[in-house]
Amino acid sequence: MAAERGVGFAADKIVQWGRYAGDPTPEQLTRYFHLSPTDLEYARRRRSPATQLGYGVQLGTVRFLGTFTAVAGIPRSVIAEVARQLELDASQWPDYVASRAREVHQVDIRLEHSYHVFGQDTAHVAFLRWLWDRAWTANDSASQLLDLATGWLVEHQILLPGFTVLQRLCSTARDRATRLASRRIASQVSPDRRHDLKSLLEVAAGENTSRLEQLRRPPRQPSIDGLIAALQRLARVQRLGATVIQLDGVPASRTARMVTEAMQVKAQRIRRHSPERRDATLALFARHLHATAHDDVIDVLLIVLHDLTAKVERLGEQERLRTLGDLDAAALLLARAAQALLDPTVADSRVRATALQHTSRSELETAIARVHAIVAHPGDRVAAGMRARYPHIRRFLPALLRQVTFDATTPADPALAAIRHLAAVEDGKAALSDAPTGHVGRHWTALMFRDDGTLDAGAYTLCTLDALRLAIRRRDVFVPDALRWGDPRRLLLDKTSWKRNGASVKRALDLDGGPRRLLARLGRELDNAYAHAGEVVTDEPGLLAADRTHERFKVPPLDAEPLPASTELLRDRIASLIPTSELPEVLLEVDAWTGFTRAFLPATGTARSADLALSICAALLVHACNVPYTAVSRRDVPALTEARLKWVEANYLRADTVTAANTRLVDHQAGIPLARQWGGGELTSADGLRFVVPVRSIHSGPNPRYFGTGRGITLFNYVADNYLGWASIVVTGTARDSQFLLDRILDNPTSLNPTEIVTDTASASDLNFGLCQLLGYRYMPRLADLPDRRLFRIHPGRDYGPLNPLARHRINIGLIRDHWDDICRVVGTLHTKAAVPSEVIRALQRAGRPVVLARAIAEIGKVVRTIATLDYATRPEQRRRILIQLNRQESRHALARAVCHGRRGQIHQAYRSGQEQQLGALGLVTNAIVLWNTTYMNHAIDHIDRSGTPTAESDQERLSPLQHEQVNLHGRYSFLLPDQLRAGELRPLLTGCDG
């Protein structure tokens with residue numbers, strides 16, 4: 001709201017407080033300066049046209065700014081708009097400026113329009129109450145709270161006080177909230193615990209960092225050594241005993257900010273806090289780390305066990321290939337012996353003697369054993385190979401069983417019973433001979449039981465760990481103390497919350513009519529889709545092709561649309577007009593337009609150093625281009641020294657600040673006329689961009705298709721139809737994209753409102769179709785495997801004409817009805833943001849084995865997918881629209897690759913936070929280039945239109961801002977920008993080249 005009125009609230013913008021920052025936009029003029037009939041009546045009561053005009057202008061000003069301002073600084077566009085409505089001549093304004101009616105009119109406006117003076121009546125008390133509630137319950141920074149307070153005062157018609165007055169009130173409220181939260185948390189810390197927590201800030205002899213900073217560093221080695229280090233770190237955290245801290249009386253947003261501070265700032269800063277705040281911050285840090293350290297242990301454990309299994313399988317296959325010669329020899333020996341069985345001239349009594357004429361009994365036994373060993377079932381070889389690794393497992397097993405507690409969604413889970421028994425055996429409280437064997441598969445049985453019937457400890461342990469790995473992946477077994485690997489049932493709204501809020505959620509999502517109404521609506525849409533597809537197939541019989549089993553869709557590829565000559569001419573003219581620029585200058589120019597660097601706030605405090613924007617742009621460029629600091633640092637510029645840039649990275653570059661900065665770019669792009677020609681943000685696509693991670697990291701994964709023999713990560717990003725990327729997620733390895741599709745769709749920080757979602761084929765799951773439908777989104781993936789798509793029907797007797805052979809499968813309506821309330825509960829959990837969608841989907845899918853609730857949602861998805869399949873096959877315009885949006889995203893990926901050119905485009909970040917920080921910077925810089933191109937293209941189009949040759953909207957729609965030939969991405973980067981560009985002006989177009 002404050003930004004909309006053009007008022008700046010940062011400390012370096014105090015001079016703009018209560019003043020116009022420029023001409024209001026047409027939308028702002030319409031919203032704040034429109035005079036109602038009552039307003040016109042009040043204005044016309046004044047004696048002269050000049051005073052009538054002045055009264056109207058001051059009334060609009062107080063609505064826009066929240067206070068009265070000097071009349072000499074009011075923009076001409078405001079005066080002209082008010083004069084137009086009053087049917088007066090704007091040239092009379094100087095007469096009003098020279099008069100003494102200004103102060104009188106301010107009093108009249110306060111009385112006639114019910115404005116309150118700050119601090120003079122009960123409205124002030126209501127504001128202070130709101131300010132305290134907001135400071136206590138929300139996680140706003142000082143500048144954000146100041147913006148919100150300004151908006152509240154304007155909305156409630158309370159005249160703004162001076163900047164320092166409101167700033168002091170906001171700071172006082174935040175400080176009081178911090179002190180109260182600190183007091184409530186610190187009061188639960190015993191003296192012994194207080195001493196242990198305080199010791200986290202100390203640097204031990206021989207160490208370079210404090211224990212706090214050591215504990216904050218997560219494990220990075222995906223190996224047994226890394227697992228041992230993770231368990232040792234967990235043990236140190238557990239000794240702090242922070243789980244006894246209860247947070248019932250403190251808002252989650254308040255504790256989240258304190259945890260963020262503890263995880264990011266230097267130990268010296270925490271040491272300077274008051275004793276209460278220091279103890280509370282450290283207690284919350286230990287409590288949070290207790291959960292995340294458990295997650296880290298499970299992450300490394302799963303990698304170690306997976307890599308162990310993969311290595312054994314690989315070695316087993318290599319050994320089998322190596323012994324193929326032995327297999328041939330053994331087979332020949334056995335074949336010669338078996339010939340005696342088939343020789344009709346050999347009497348039955350002579351078969352044995354004949355078979356042993358050319359070989360001995362021991363040789364035959366050896367050959368038989370060799371054949372059994374070589375042609376054994378792969379599962380048997382894997383089990384035997386894993387059993388041989390038991391000594392390696394013993395290195396971490398005792399600590400794992402001692403420090404990590406497991407539980408299960410089903411108390412009788414066999415993997416849980418086995419792991420608990422192993423823990424009891426380690427403690428000497430149980431005997432291995434009494435171990436449960438419900439989890440033992442047939443491949444392990446021969447290895448596990450010795451000849452005397454006793455259990456082999458190594459085989460039983462490896463079998464149990466393998467079963468535990470699969471159970472954790474399925475979310476059948478969980479760690480109660482963990483966050484991500486905790487109880488999956490905590491992800492859904494609890495029954496009390498659902499009972500209280502379920503009805504309103506159902507109404508909001510139009511699900512209050514129950515499954516009958518939803519299926520009736522989907523049934524009508526399905527019938528219409530079949531009817532339209534039937535008409536198209538009748539006219540174009542080549543769309544259906546029969547094979548040996550049944551008919552399938554056979555859709556020919558779309559022909560490329562030729563680019564009109566007018567579009568090519570416009571594109572060339574624009575290219576000749578746009579000036580060239582260096583990448584650093586692009587960032588600084590975009591910051592002058594949008595102020596995106598002001599979104600980078602420190603973890604604590606709001607102080608901003610001189611030339612901070614310059615340092616932030618340089619640090620962003622280092623991360624985005626994947627180059628060293630030496631490429632941008634300069635010793636003669638204080639804001640660009642290497643030490644300054646590293647300080648900025650440590651204190652300002654975080655995932656949340658990059659997201660806030662990117663939001664400013666997205667919102668600015670949405671307001672450019674040319675960008676609105678491309679789309680209004682209703683259509684968005686989601687796809688992954690792969691990066692190799694050459695350093696050892698538990699946050700990277702293997703995939704030979706993308707990473708060869710190495711490991712990597714995926715930047716799953718969302719791109720709007722106006723070419724700007726508005727959100728992204730860093731995914732380990734190449735996890736299935738469909739799992740993360742809704743994460744940012746439902747947590748959208750921008751002003752865009754995507755309602756249609758486009759993805760590639762890999763994300764097209766029935767579960768996603770169902771969830772998108774229930775949440776109110778239209779899911780439109782590219783269906784590259786169209787011939788293999790099965791079509792479903794709701795009504796078994798409905799005649800679909802030529803498509804009857806394809807519509808062979810029926811929807812399980814009973815499954816939907818039986819689980820309707822649970823379906824709505826899942827959707828309500830996602831709609832209210834009570835859980836991360838990918839975590840819910842992971843729990844529903846259980847590592848490829850969907851629970852019954854997931855299957856019920858997928859039944860709804862099958863209907864929606866059938867409609868999408870029919871439309872995709874028979875509506876070329878929709879198919880082209882999907883492909884155009886996917887091509888836009890692929891072209892944006894190519895631009896991002898060009899930007900991230902250093903170190904061969906590989907990400908040398910071992911930790912998740914570093915990966916998110918670097919790839920977030922890459923997305924932000926890529927967006928800055930797109931926004932810079934869009935702005936100058938729009939400027940060039942205005943120039944061409946003014947020259948007398950108007951451009952057609954159809955040609956503008958075909959333009960793309962993804963070219964980068966005019967932006968130098970390489971070389972040694974300079975951050976010197978002329979004053980006029982730093983002030984937000986545009987570069988002159990290259991009109992001399994305009995043909």
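Owing to the predicted nature of the structure, the values given are computational and were not obtained by experimental measurement. (Residues numbered from 1 in each chain as written. Predicted model: local features only at pLDDT ≥ 70, side-chain atom pairs only at ≥ 80, totals over all residues. Heavy atoms only, no water.)

Enquirer: In this structure, what is going on with the pairing of strand E9 (residues 725-732)? I would like to understand it.
Expert: Every other side chain in a regular strand lies on the same face of the sheet, so the side chains alternate between the two faces. Counting buried positions over the eight residues of E9 gives six, a clear majority of the element. Examined bridge by bridge, strand E8 (residues 711-720) and E9 share seven bridges and lie antiparallel to one another. Looking at E9, one finds that Thr 714 is bridged to Val 731. In textbook terms, the turn of a hairpin is the stretch between consecutive antiparallel strands, and for E8 and E9 this stretch comprises four residues, one of which, Tyr 723, has a positive phi near 80°. (Buried < 20%, exposed > 50% of the residue type's maximum accessible area, 1.4 Å probe, protein only. Helix = DSSP H or I, 4+ residues; strand = E, 2+ residues; numbered from the N terminus. Pairing = 2+ DSSP bridges.)

Enquirer: Honestly, the pattern of salt bridges in this entry has me stumped. Any pointers?
Expert: For side chains of opposite charge, pairing can occur when their charged atoms come near one another. Taken as a whole, this structure holds 39 salt bridges when the rule is applied. A salt bridge links Asp 296 to Arg 233; the shortest N-O distance between them is 2.9 Å. Linking Asp 296 in helix H15 (residues 275-322) with Arg 233 in helix H12 (residues 224-238), this pair joins segments that are 63 residues apart in sequence. Each member of the pair, Asp 296 together with Arg 233, is buried. Here Arg 469 ties to Asp 466 by a salt bridge, and the two come within 3.1 Å at their closest N and O atoms. With Arg 469 and Asp 466 both in helix H24 (residues 457-473), this residue pair falls three residues apart, about one helical turn. What makes Arg 469 buried here is its relative accessible area of 14%. In this structure Asp 466 comes out as buried when scored by relative accessible area, which is 16%. Several salt bridges share partner residues, and in doing so they unite Asp 510, Asp 512, Arg 517 and Arg 521 into one network. (Salt bridge = Lys/Arg side-chain N within 4 Å of Asp/Glu carboxyl O.)

Enquirer: Explain the packing of helix H8 (residues 142-155) against helix H9 (residues 163-186) here, please?
Expert: H9 packs onto H8 with a crossing angle of 120° between their chain directions and a minimal axis gap of 10 Å. Both H8 and H9 take part in a crossing whose hand is right-handed. When H8 is examined against H9, the residues Ala 142, Leu 145, Leu 146, Ala 149, Thr 150 and Leu 153 are found in contact with a partner set consisting of Phe 163, Leu 166, Gln 167, Cys 170 and Arg 174. Broken down by class, the residue content of the contact of H8 with H9 amounts to eight nonpolar, two polar and one charged. (Axes fitted to C-alpha atoms, helices over the stretch in contact; angles between N-to-C directions. Left-handed = near helix turned anticlockwise from the far one by under 90°. Contact = heavy atoms within 4.5 Å. Nonpolar A, V, L, I, M, F, W, Y, C, P; charged D, E, K, R; others polar.)

Enquirer: I would appreciate a short explanation of the nonpolar core in the present structure.
Expert: The nonpolar side chains of a soluble globular protein tend to be buried, and buried together. Formed by 162 residues in total, the largest nonpolar core has its most connected members in Phe 553, Phe 600 and Phe 975. Sorting elements by how many residues they give to this core places helix H41 (residues 912-946) first, with 15 residues. Listed in part, the 55 residues of the second largest apolar core include Ile 224, Leu 400, Leu 401 and Cys 463. (Core = buried A, V, L, I, M, F, W, Y, C linked by side-chain atoms within 4.5 Å.)

Enquirer: Explain the packing of helix H40 (residues 876-899) against H41 here, please?
Expert: Taken N-terminus to C-terminus, the directions of H40 and H41 make an angle of 110°; their axes are 10 Å apart at the nearest point. Classified by the angle between their axes, H40 and H41 sit roughly perpendicular to one another. Where H40 crosses over H41, the two elements pack in a sense that is right-handed. Along the contact surface, H40 presents Arg 892, Leu 895, Ala 896 and Val 899, while H41 presents Leu 922, Gly 923, Val 925, Thr 926, Asn 927, Ile 929 and Val 930. The residue inventory of the contact of H40 with H41, partitioned by class, reads seven nonpolar, three polar and one charged. (Parallel < 35°, antiparallel > 145°, perpendicular 65-115°, else oblique.)

Enquirer: Just checking my understanding: could you explain the packing of aromatic side chains for this structure?
Expert: In this structure the tally under the stated criterion is 18 aromatic pairs. An angle of 45° between the planes, with centres 5.6 Å apart, marks the rings of Phe 33 and Phe 64 as tilted. Of this pair, Phe 33 sits in the loop between helix H1 (26-32) and helix H2 (37-44) while Phe 64 sits in helix H3 (residues 49-65), and the two are 31 residues apart along the sequence. With respect to class, Phe 33 is no different from Phe 64; both count as buried. For the pair Tyr 530 and Tyr 800, a centre-to-centre distance of 3.9 Å together with 15° between the ring planes defines the contact as stacked. Taken together, the residues Tyr 530 in helix H26 (residues 514-539) and Tyr 800 in the loop between strand E12 (792-793) and strand E13 (809-810) connect sequence positions 270 residues apart. What makes Tyr 530 buried here is its relative accessible area of 1%. Accessibility expressed as a relative area gives 7% for Tyr 800, which makes it buried. Every member of this aromatic cluster is reached through a ring pair, and the members are Tyr 20, Tyr 32, Phe 33 and Phe 64. In this arrangement the basic side chain of Arg 690 is found over the ring face of Tyr 706, its NZ or CZ atom lying 4.5 Å from the centre. The ring of Phe 691 is capped by Arg 897, whose NZ or CZ atom sits 4.7 Å from the centre of that ring. (Phe/Tyr/Trp six-rings, centres within 6.5 Å; stacked < 30°, edge-to-face > 60°. Lys NZ or Arg CZ within 6 Å of the ring centre and 35° of its normal.)

Honestly, that's just the spatial picture; any functional story needs more than this.
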